[in-house]
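Results of the structural survey
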Amino acid sequence: MANKHGDFIWYELMTSDADGAREFYSAVVGWDIEGKSDAPMDYRMISAAEGPVAGLMPLTAEMQSGGARSCWMGYINVDDVDATAAKVKAAGGSIHMDPWDIPGIGRMAFVADPQGVMFYVMKPTPPSGQPDAETKSFAATEPAVGHCAWNELSSTDPEAAKSFYGKLFGWVKEGEMDMGPLGTYEFLWASEKRFMLGAVMPKMAEMPVPFWTYYFRVADLDVAVAAITAHGGCVLQEPVEVPGGDFSMVGMDPQGAAFALIGARK
C-alpha cells in the first residue's frame, strides 16, 4: 500500500441501529450507504463520490451486553500489526482485541492509548494487481466532500498522548492555538511532516471520556446541520469558523454516536 506507517486509512461506525444510521448519514453527509448484507457478517460500505471511505458495522446484542455503544472508530496504517500492538502495551496502552486476520482485507488489532482512547491498527492487503493502492478515506492534502478532513484527540493527558503517538507512529507537533480556559490546541503532523493530520487538546469537563473525534466534509454545512435535527440527531456544538474560512460543528446521531462535520456556509 502507498499509505505510510501512521496514516489514518479507514473509519468505521459501530451502531445499534444500522438502518437508522444509514438513513441519518445519507441525509446529513450525502453518503451512499449499502443496505443489509446477505454475507455472514453484515458490514456495509459507506461511499463518497469517489468510492468507499468508511464502513458501518451493526452492534450485536452480545456486543451491547458487553458494554459496546454506538461510536466512530479510526484505523491507523502500520507496517507490522503484531509489533505495533506489543509497543502499545509496552507504552502503557491496552489491547482490546489481539491481532487477527480477515482474508483478502488485512491484519488488524483493536487497541487503546494509555488514557483509554480506542482505535484500530491495520496492515491492509492490497487489491490484486495493485500493490501501491492508496486509501483516501482521510483527505490529507486537499478537500474532498464525504471524506474525513480532520482527526481530533481529546485527551486527559495531551503531553503523554503526544509522546505515545509520536513514538508509535512518528507524529510530531507543529503549531498550536491558545483556547483560553480550555487549554492549548496543538496541531499534529504525519511522519516526515508530509501533511497535518489533526490535533490534540485537553478533554473538556463535560466530555464523559477522552476520545477521537472525526470531522467529515460536507458541501454545505448549514444544509447538513438542518438535516441533523430533521432526522433525529442533535447539535452539541454550533458551527464555528476555523482557520482557512470553513466552519465546523459537532453533533450526535440518533443512536448516540458523536461525530463532527466541516464545510462552507453558503
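Residues numbered from 1 in each chain as written. Predicted model: local features only at pLDDT ≥ 70, side-chain atom pairs only at ≥ 80, totals over all residues. Heavy atoms only, no water.

1. Focus on the sheet that holds strand β2 (residues 32–33)
- If you trace the eight strands from one edge of the open sheet to the other, you get β2-β3-β4-β1-β5-β8-β7-β6, paired in mixed fashion. At either margin of the open sheet sits one strand with a lone partner, and together these are β2 and β6 (94–102).
- Note: strand β3 (residues 44–48) against strand β4 (residues 51–58), five bridges, orientation antiparallel. Looking at β4, one finds that Ala48 is bridged to Gly51.
- Sheet strands touched by helix α3 (residues 81–90): β6, β7 (106–112) and β8 (118–124). Its angle to β6, the strand with the most contacts, is close to 175°.
- Across the sheet, helix α4 (residues 158–169) lies against β5 (71–77), β7 and β8, angled at about 5° from β8, the strand it touches most. (Pairing = 2+ DSSP bridges. Helix = DSSP H or I, 4+ residues; strand = E, 2+ residues; numbered from the N terminus. Contact = heavy atoms within 4.5 Å. Axes fitted to C-alpha atoms, helices over the stretch in contact; angles between N-to-C directions.)

2. Points about the sheet that holds strand β11 (residues 184–189)
- Spatial strand order, β10-β11-β12-β9-β13-β16-β15-β14: eight strands in an open sheet with mixed pairing. This sheet does not close on itself; its edge strands, each paired only once, are β10 (172–178) and β14 (234–241). Each adjacent strand pair in this sheet contributes to an overall mean axis angle of 25°, direction not counted.
- With six bridges joining them, strand β9 (residues 148–155) and strand β13 (residues 211–217) adopt antiparallel strand pairing. Bridging from a neighbouring strand, Leu153 pairs with Trp212 of β13.

Interpretation in functional terms is not warranted from these geometric data alone.
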